[in-house]
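If you want the building blocks of each chain, they are given just below.
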Amino acid sequence: MYNSNVAILRITTDAEFLRKKSKPVTEFNARLHQLLDDMRDTLEDAWGLGLAAVQVGVLYRVCLVRCEKSSPPNGGVDAHGAQTANGVVELINPEIIACSSEKPGEEGCLSVPDAGYHTVIRPHKVTVRAQDRNGKTFTRDFEKISAVCACHEIDHMDGILFTDKSSGFARPKAAKRKQSSPSQGEGVASRKRSASAQAESDDGVGI
Ligand SMILES: [Zn+2]
């Protein structure tokens, strides 16, 4: 289902560009599918939890959110009706339609690596209505770090950065973090990494 002819895109850190608002997607065509496939490879390469199209220089309301690994590696529709592969859900024109109560958590951003990690207060569960790559509307719940990630990516579409919502600096980007600590967002990626890539991830995990 997924295009094997994909490219790793450059993740922008251009502060001015990141403030631009993304436009709704109206055409669910081969260009969109290529963008999603390229973003998927870029997310894997960056060892990230999520990625919005603005982060790769495309001002459309498109993002990826990593969730529990409940989907087949080559793609399909998960139990929530969302298009997904390897636990990465594609959201086109997403809207948060319900939120739980909020709690603080740590987050960073692939596009703002120098900011390190900040404490941000977010809902621990959100319900998102979005379209899949073919334009079909679905509704899906996201919990814990996936909920944080969905909120973070949707904020990107409106030019909002996690630092805008910071309750305080948590730690620098190079700080060592515990592995396998899903509450902080680490250890969620779906493939094994080399030791050097793992070391790099301590600098680079972000959404
Ligand atoms: Zn981000």
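In what follows, the accompanying structure is described. Note that the structure is a prediction, hence the values are computed from the model and not measured.

### Points about the nonpolar core
M39, A53, C63, L64, V65 and A150 are the most contacted members of the largest nonpolar core, which totals 41 residues. Those elements that place two or more of their residues in this core are α2 (30–46), β1 (50–52), β2 (62–66), β5 (88–99), β8 (125–131) and α3 (144–157). Sort the elements by how many residues they give to this core and α3 lands first, with eight residues. In contact with C63, not counting residues within four places along its chain, are G50, L51, A52, A53, L91, P94 and E153.

### A closer look at the environment of V128
Within the secondary structure, V128 sits in strand β8. For V128, a count of 25 C-beta atoms within 10 Å puts it in the buried group. Here V128 is in contact with L91, P94, E95, I96, I97, R140, F142 and A150, once residues within four sequence places are set aside.

### Side note on the sheet that holds strand β10 (residues 166–171)
With antiparallel pairing, the three strands of this open sheet are ordered in space as β6-β7-β10. Strands with a single pairing partner mark the edges of an open sheet, and in this sheet they are β6 (102–107) and β10. Averaged over all pairs of adjacent strands, the angle between their axes in this sheet comes to 35 degrees, without regard to strand direction. Direction of pairing for β6 relative to strand β7 (residues 117–123): antiparallel, over a ladder of six bridges. When the bridges of β7 are listed, P104 appears paired with I121. The strands that α3 touches are β6 and β7; relative to β7, the one it contacts most, it runs at about 100 degrees.

### Topic: α2
Over its 17 residues, α2 extends 24 Å from the first C-alpha to the last, a length consistent with the 24 Å expected when each residue adds 1.5 Å. When α2 is considered as a whole, its buried residues turn out to be L32, L36, D37, M39, R40, T42, L43, E44 and A46. W47 lies just past α2 and shows a positive phi near 60 degrees.

### Here we look at the pairing of β2
Across the five residues that make up β2, a large majority, five, are buried. Burial of β2 is two-sided: the residues V62, L64 and R66 facing one way and the residues C63 and V65 facing the other way are all buried. Judged from the three bridges that link them, β1 and β2 form a sheet pairing that is antiparallel. Paired with L51 across the two strands is L64, which belongs to β2. Inspection of the sheet shows β2 paired to β5 by five bridges, in the antiparallel sense. Following the sheet pairing, L64 is matched in β5 by E90.

Criteria and cut-off values
- Residues numbered from 1 in each chain as written.
- Predicted model: local features only at pLDDT ≥ 70, side-chain atom pairs only at ≥ 80, totals over all residues.
- Core = buried A, V, L, I, M, F, W, Y, C linked by C-beta atoms within 7 Å.
- Buried ≥ 20, exposed ≤ 12 C-beta atoms within 10 Å, placed from the backbone.
- Helix = DSSP H or I, 4+ residues; strand = E, 2+ residues; numbered from the N terminus.
- Contact = placed C-beta atoms within 7 Å.
- Pairing = 2+ DSSP bridges.
- Axes fitted to C-alpha atoms, helices over the stretch in contact; angles between N-to-C directions.
- Expected span 1.5 Å × (residues − 1).

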